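# Fold and contact review
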Amino acid sequence: MSEDQDCHTIAETSTRIPKLTSSVHDIAAEKPPFGSRFLTDQSDVWTQNAWDHVPPPEDQTEAIFASLARQRVAPVPESDREKYNAKPAKYWDNFYKANADNFFRDRKWLHLEFPDLLTAAQPNAGDVTICEIGCGAGNTAFPLLSANKNPKLMIRAFDYSSHAVKLVQANSLYQDPPVGSIQAAVWDLSCENSLPPGVAPESVDIVVLVFVLSALHPDEWEKAVRNIHRMLKPGGVVLLRDYGRYDLTQLRFKSERLLEDNFYIRGDKTRVYFFELGRWRSRDCSPLSQFTLTFTDELALIFTGTRPTSAQKTCNTVQIAEENGDDSYNGSLTLSAHSECHDDRISRDLPPSSGVEIHPILLRPRVPHLPSPPFSIEQLGVDRRLLVNRKRQLKMYRVWVQGKFRKSPID
């Protein structure tokens with residue numbers, strides 16, 4: 001499994017604002033991380049390739065309604081849905097046979113988004129086992145291995161695509177790792193009560209899930225979480241990044257791609273789900289515009305069995321102001337993509353799919369296979385990014401969700 005096939009590469013070069021921190025706005029944080037790329041003047045939008053923490057534009061609601069309505073008119077035919085869900089690994093095999101390891105870039109942003117991985121790779125970190133599930137061609141595992149300085153680090157990489165695993169095993173870094181060790185094997189995260197080959201219960205320190213849960217059918221999420229919980233040591237963590245609701249990719253899907261609300265097949269027949277996420281609301285019309293965020297229930301329900309608390313679901317108001325040119329902090333952060341005035345009486349909530357924001361399977365009573373709660377939330381946030389194609393004068397609004405979930409130290 002791996003990330004977005006539909007993401008376009010932006011090749012222009014220019015003077016770039018350095019990316020110093022995570023792009024994710026944590027639900028527990030009043031303000032987004034300092035040092036990100038903020039757009040304070042709309043006239044500057046074409047000077048960079050990407051901007052962080054960008055609210056959706058005023059016309060986004062109309063565009064979303066139009067896209068969802070078009071998709072629902074012509075969903076995947078009922079007769080075809082079963083075949084896409086029956087053997088999903090087959091389509092990932094076909095994908096990797098066609099693209100080998102040439103499609104995805106290595107994830108060099110990992111150290112910014114997941115500092116736990118950097119800590120595990122330090123020379124004196126000791127025995128650490130990282131299990132990457134949905135490893136694809138190794139675009140997470142090999143950057144970790146290349147940067148590793150810990151001789152006792154073990155990276156275990158698994159995917160239910162046998163061809164993806166063969167690509168990992170054929171890599172020169174796999175055959176001769178500079179420091180530490182790596183093993184890869186075929187394994188299906190959604191199998192009932194299953195552990196990967198060579199992985200004992202409670203033997204893993206960190207599980208990495210990058211664009212993986214979205215590739216599963218929603219009725220497989222609970223089985224996946226049980227398997228992850230079983231392999232993690234008490235106190236072990238899950239590091240997750242995935243697609244957010246109304247991401248550009250979701251809105252681009254054409255006819256006969258919709259399997260069910262927010263769940264699609266791509267052109268190569270691989271599946272993808274878009275998770276419920278935060279909403280932007282305009283709160284102020286002043287130059288220092290303000291926004292309020294409400295946050296996702298779906299990932300919280302998947303990993304904890306409960307929705308976020310009211311404190312988690314609504315962050316305090318985020319103030320928007322200028323960022324200094326140097327690394328000093330003046331007490332406020334740039335966040336706005338709009339210089340014009342917005343009506344503070346109009347909610348900018350984006351529309352739900354068919355009136356359903358939370359997948360109904362998450363609202364059913366859970367079978368009590370796990371302690372309650374199985375995980376605690378240490379990070380749960382949204383990464384809203386504006387990608388810019390300056391040559392074609394295109395603005396592309398991307399949305400990802402990210403989380404860190406810790407297994408209870410004592411079950």
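Residues numbered from 1 in each chain as written. Predicted model: local features only at pLDDT ≥ 70, side-chain atom pairs only at ≥ 80, totals over all residues. Heavy atoms only, no water.

## Some remarks on the overall build of the protein
Under the convention used in this document: Strands are runs of DSSP state E lasting at least 2 residues, helices are runs of H or I lasting at least 4, and numbering of each runs from the N terminus. Each residue is placed in one exposure class: buried if its accessible area under a 1.4 Å probe, protein chains only, is under 20% of its type's maximum, exposed if it is over 50%, and partly exposed if it falls in between. A contact between two residues is defined here by any heavy atoms of the two lying within 4.5 Å. For every accessible area listed, the method is Shrake-Rupley and the probe measures 1.4 Å; residues are considered covered only by the protein chains on display.
Within the protein one finds 12 helices and 15 strands. Buried positions account for 53% of the 411 residues belonging to the protein. In the protein, the share of contacts with a sequence separation of at least 24, taken over all contacts with a separation of at least 6, comes to 78%. With the model as given, the accessible surface of the protein reaches about 17500 Å², and the carbon-plus-sulfur share is 51%.

## Comments concerning empty space enclosed by the protein
Going by this rule: Points on a 1 Å grid over protein atoms alone make up a cavity when a 1.4 Å probe fits among them but cannot get out, and a pocket when they form an open set with protein on both sides within 12 Å along at least five of seven lines; lining residues each have an atom within 4 Å of a point. Grid points are joined across faces, edges and corners, and a volume is the space filled by probe spheres set on the points.
Summed over the entire model, instances satisfying the criterion amount to 4 cavities of 30 Å³ or more. When its volume is computed, the largest cavity comes out at roughly 70 Å³. Among the secondary structure elements, those contributing two or more residues to the lining of the largest cavity are strand S14 (375-389) and strand S15 (394-407). It is S15 that contributes the most residues to the lining of the largest cavity, 3 residues altogether.

## Quick notes on the side chain of Arg245
In plain terms, the rule: Residues adjacent in sequence count toward polar contacts only when both atoms are side-chain atoms; beyond that, a polar contact is any pair of N or O atoms within 3.5 Å, and within protein one must be able to donate a hydrogen and the other to accept it.
The topology assignment puts Arg245 in the loop between strand S7 (232-243) and helix H10 (248-252). A polar contact is formed between the side chain of Arg245 and the side chain of Tyr273, at a distance of 3.4 Å.

## Thoughts on the environment of Leu299
Mapped onto the fold, Leu299 is located in helix H11 (residues 298-304). On the basis of relative accessible area, Leu299 is assigned to the buried category, the value being 0%. Spatially, the C-alpha atoms of Leu299 and Gly403 are 8.1 Å apart, while their sequence positions differ by 104 residues. Ignoring sequence-local partners within four residues, the contact set of Leu299 consists of Leu240, Phe275, Leu380, Val401 and Phe405.

## Observations concerning a positive patch on the surface
Cut-off, in case you're wondering: Patch membership needs two things, relative accessible area over 30% and no salt bridge, and members are linked within 9 Å if like-charged or within 5 Å if nonpolar (Val, Leu, Ile, Met, Phe, Trp, Tyr). In what follows, salt bridge is the name for a side-chain nitrogen of Lys or Arg lying within 4 Å of a carboxyl oxygen of Asp or Glu. A residue counts as positive if it is Lys or Arg and as negative if it is Asp or Glu; His and the chain ends are not included. To locate a charge, take atom NZ for lysine, CZ for arginine, CG for aspartate or CD for glutamate.
Taken together, the side chains of Arg70, Arg252, Lys254 and Arg392 make up a positively charged region of the molecular surface. Tracing the chain through its elements places Arg70 in helix H1 (residues 60-73).

## Considering the sheet that holds strand S9 (residues 263-265)
Filter applied, for reference: The pairing criterion is simple: DSSP has to find at least two bridges between the two strands. Note on geometry: axes are C-alpha line fits, over the in-contact stretch for helices, and angles between N-to-C directions span 0 to 180 degrees.
Here we have 3 strands laid out as an open sheet, ordered S8-S9-S10, and antiparallel in their pairing. The open sheet is flanked by strand S8 (258-260) and strand S10 (271-273), the only strands paired with a single partner. For this sheet, the mean inter-axis angle between neighbouring strands, taken without regard to orientation, is 30°. Bridging between S8 and S9 involves 2 bridges; their strand directions are antiparallel. Across the sheet, residue Glu260 finds its bridge partner in S9, namely Phe263. Across the sheet, helix H2 (residues 78-86) lies against S8, S9 and S10, angled at about 80° from S8, the strand it touches most.

## Looking at helix H9 (residues 221-231)
Among the 11 residues of H9, 8 are classified as buried, and the element is accordingly described as predominantly covered. What H9 keeps buried is the set Trp221, Ala224, Val225, Arg226, Asn227, Ile228, His229 and Met231.

## Section: helix H7 (residues 162-170)
The line we're drawing: For this quantity, the arc is that covered by the directions from the helix axis to the C-beta atoms.
The set of residues buried in H7 consists of Ala164, Val165, Leu167 and Val168. One side of H7 holds all its buried residues, which, seen down the axis, span an arc of 155°. Across H7 from its buried face, at more than 90 degrees, point the exposed residues Lys166 and Ala170. For H7, the secondary structure elements touched by its buried residues are helix H3 (88-99), helix H6 (141-147), strand S4 (153-159), helix H8 (172-175) and strand S5 (181-186).

## Examining the pattern of salt bridges
Within the structure shown, the criterion is met by 17 salt bridges. Close ionic contact of Glu378 with Lys404 constitutes a salt bridge, the shortest N to O distance being 3.4 Å. Remark: Lys404 occurs in strand S15 and Glu378 occurs in strand S14; sequence separation between them is 26 residues.

## Describing the packing of aromatic side chains
The test is simple: Whether two aromatic rings pair depends on their centres lying within 6.5 Å, for rings of Phe, Tyr and Trp, where Trp uses its six-membered ring; planes under 30 degrees apart make the pair stacked, over 60 edge-to-face, and the rest tilted.
Per the counting criterion, the structure on display carries 16 aromatic pairs. Between Trp221 and Tyr273, the ring centres sit 4.9 Å apart and the planes meet at 80°, which makes this aromatic pair edge-to-face. Here the residue Trp221 occupies a position in helix H9, and Tyr273 occupies one in strand S10, the gap between them amounting to 52 residues. Residue classification places Trp221 among the buried residues on the basis of a relative accessible area of 1%.

## So, the confidence of the model for the protein
Stated formally: Across the chain, each position has a pLDDT score giving the predictor's confidence in that residue, from 0 to 100.
Here the protein averages 77 in pLDDT, while 72% of its residues score no lower than 70. In this model residues 1-17 is a low-confidence stretch, pLDDT under 50, and it forms 62 contacts with partners more than four residues away in sequence or in other chains. Within the model, the stretch residues 310-356 combines pLDDT values under 50 with 139 contacts to residues more than four positions away or in other chains.

## Concerning the pairing of strand S6 (residues 204-210)
In plain terms, the rule: A clockwise path from the first strand over the helix to the second, with the strands pointing away from the viewer, defines a right-handed crossover.
Counting buried residues in S6 gives 7 out of 7 residues, a clear majority hidden from the surface. Where S6 meets S7, 6 bridges bridge the pair, whose relative direction is parallel. When the bridges of S7 are listed, Val208 appears paired with Leu239. Note that the unit made of S6, H9 and S7 has a crossover that is right-handed.

## Some points on the environment of Ala137
The topology assignment puts Ala137 in the loop between strand S3 (128-133) and H6. When its relative accessible area of 8% is taken as the criterion, Ala137 is described as buried. Separated by 41 residues in the primary sequence, Ala137 and Tyr96 place their C-alpha atoms 8.0 Å from one another.

## Focus on the packing of H3 against H7
Put simply, the rule reads: Oblique is the label for every angle not falling under 35 degrees (roughly parallel), over 145 degrees (roughly antiparallel), or within 65 to 115 degrees (roughly perpendicular). For this classification, the nonpolar set comprises Ala, Val, Leu, Ile, Met, Phe, Trp, Tyr, Cys and Pro, the charged set comprises Asp, Glu, Lys and Arg, and every other residue, Gly included, is treated as polar.
Where H3 contacts H7, the two axes come as close as 7 Å, and the packing angle between them is 40°. With respect to their mutual orientation, H3 and H7 come out oblique. Facing H3, whose interface residues are Asp93, Tyr96 and Lys97, H7 presents Ser162, His163, Ala164 and Leu167. Looking at the contact of H3 with H7 residue by residue, the class counts come to 3 nonpolar, 2 polar and 2 charged.

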